[in-house]
Amino acid sequence: MQDVVAAVLITTGTVFFIAGTVGLLRFPDIFCRLHALTKADGLGLALIALGVAFLAATPGAVFRIVLIWFFVAAASATCGHLVARYARRSGAGVRHD
Amino acid sequence: MRATSSKCLNASARVQSLTLAEPQNLPPASAQTVSATGHAAGQVLRHCVLSILVLAVLWGALTGWRADALIFGLPAILLGAMVPFLLPPASGFRLSLRGAIRFALWFAVQSVRGAVDVALRAFSPDMRLRPCFRTYPLNLPLGAPRITFINIITLLPGTLSAEINDDMVTVHMLDAHIELEPELAELETRIRALFALPQPPEHSS
């Protein structure tokens, strides 16, 4: 039962990672791409972490997984902001076509 | 016992501020900041003990509570506890447990909404993108509440915090038709509850 739940969670997480990558490739400019990276990949990681936590089943491992999720989530939101700020200030995100 | 010791600390802090401020003939503004930092001297010790405790628990959990790992752990914990002294002083904050639980549940729902929204756009043929920039005034106090606010904006559906200028945040939106203000006002209310901050009386207008 636990294996099934874990498999479903990890598969769904992978779908979100694929969605984030598709968004990264298809979206028109740097800002829209950042939306795809921060949001879709963030949930993808959370679902995969949750699935792995179901499999790991020791409190220590679950705690470590939660820590990893927290630091990655905080880092991806901050990096997204920094990339967007750089793009705005340097004009790198403006398309000239 | 506790009360008297804290009084002693306050008194010594005040004496220190006087001796620092008077001989140099500092203007009143800087004298005030000196007395404020002296005031916080007791808190520094408390913060130090707290960060050592937190880091020790983290280290213990990461190494499976092995005693021999402390050979590396003790120096790492002590160095880690000193890091705040290298950073600019941050204002302290309190967390409300009730606010935190509510915030975590709400945040989980919102991040799923945000991710599903952006995933559907990525897979849909025309992507339905109407990107735009909007600005929103930052009303939360500096420090942890404001940093949390700006980071969570990025994880809400369709919004990305792109730039901060003084007290305004520039938000990039995937869809210009979505109303920005009510979403961010709700986030603000929830962050006030999370950090046990008083709610402003007239925000509904």
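Here goes a summary of the coordinates provided. (Residues numbered from 1 in each chain as written. Chains lettered and ligands numbered in written order. Predicted model: local features only at pLDDT ≥ 70, side-chain atom pairs only at ≥ 80, totals over all residues. Heavy atoms only, no water.)

Many descriptions give the size of an interface as the accessible area lost when the pieces come together. On the chain A side, the residues contacting the 36 residues of chain B number 28 residues. The junction of chain B with chain A conceals about 2800 Å² of combined surface from both sides, 71% of it contributed by carbon and sulfur atoms. There are two salt bridges connecting chain B and chain A. Between Arg 89 of chain A and Glu 163 of chain B there is a salt bridge, with the nearest N and O atoms lying 2.8 Å from each other. Applying the counting criterion to the chain B and chain A interface returns 12 residue pairs in polar contact (both at pLDDT 80 or more). Where the side of chain B that touches chain A is concerned, the elements lending two or more residues are α3 (41–62), α5 (97–123), α6 (144–155), β2 (159–165) and β3 (168–173) of chain B. (Contact = heavy atoms within 4.5 Å. Buried area = accessible area lost by both parts, 1.4 Å probe. Salt bridge = Lys/Arg side-chain N within 4 Å of Asp/Glu carboxyl O. Polar contact = N/O pair within 3.5 Å; in protein donor to acceptor, adjacent residues only side chain to side chain. Helix = DSSP H or I, 4+ residues; strand = E, 2+ residues; numbered from the N terminus.)

Turning our eyes to something else, we now look at the sheet that holds β3 of chain B. Ordered by their spatial adjacency, three strands build an open sheet running β1-β3-β2 (chain B), and the pairing between neighbours is antiparallel. Only two strands of the sheet have a single partner each, and these edge strands are β1 (132–137) and β2 of chain B. In this sheet, neighbouring strand axes are inclined to one another by 30 degrees on average, regardless of whether the strands run parallel or antiparallel. The sheet strands contacting helix α3 (residues 59–90) of chain A are β1, β2 and β3 of chain B, and the helix crosses β2 of chain B at an angle near 60 degrees. Along the sheet face, helix α7 (residues 181–194) of chain B touches β1 and β3 of chain B and points at about 40 degrees away from the line of β1 of chain B. (Pairing = 2+ DSSP bridges. Axes fitted to C-alpha atoms, helices over the stretch in contact; angles between N-to-C directions.)

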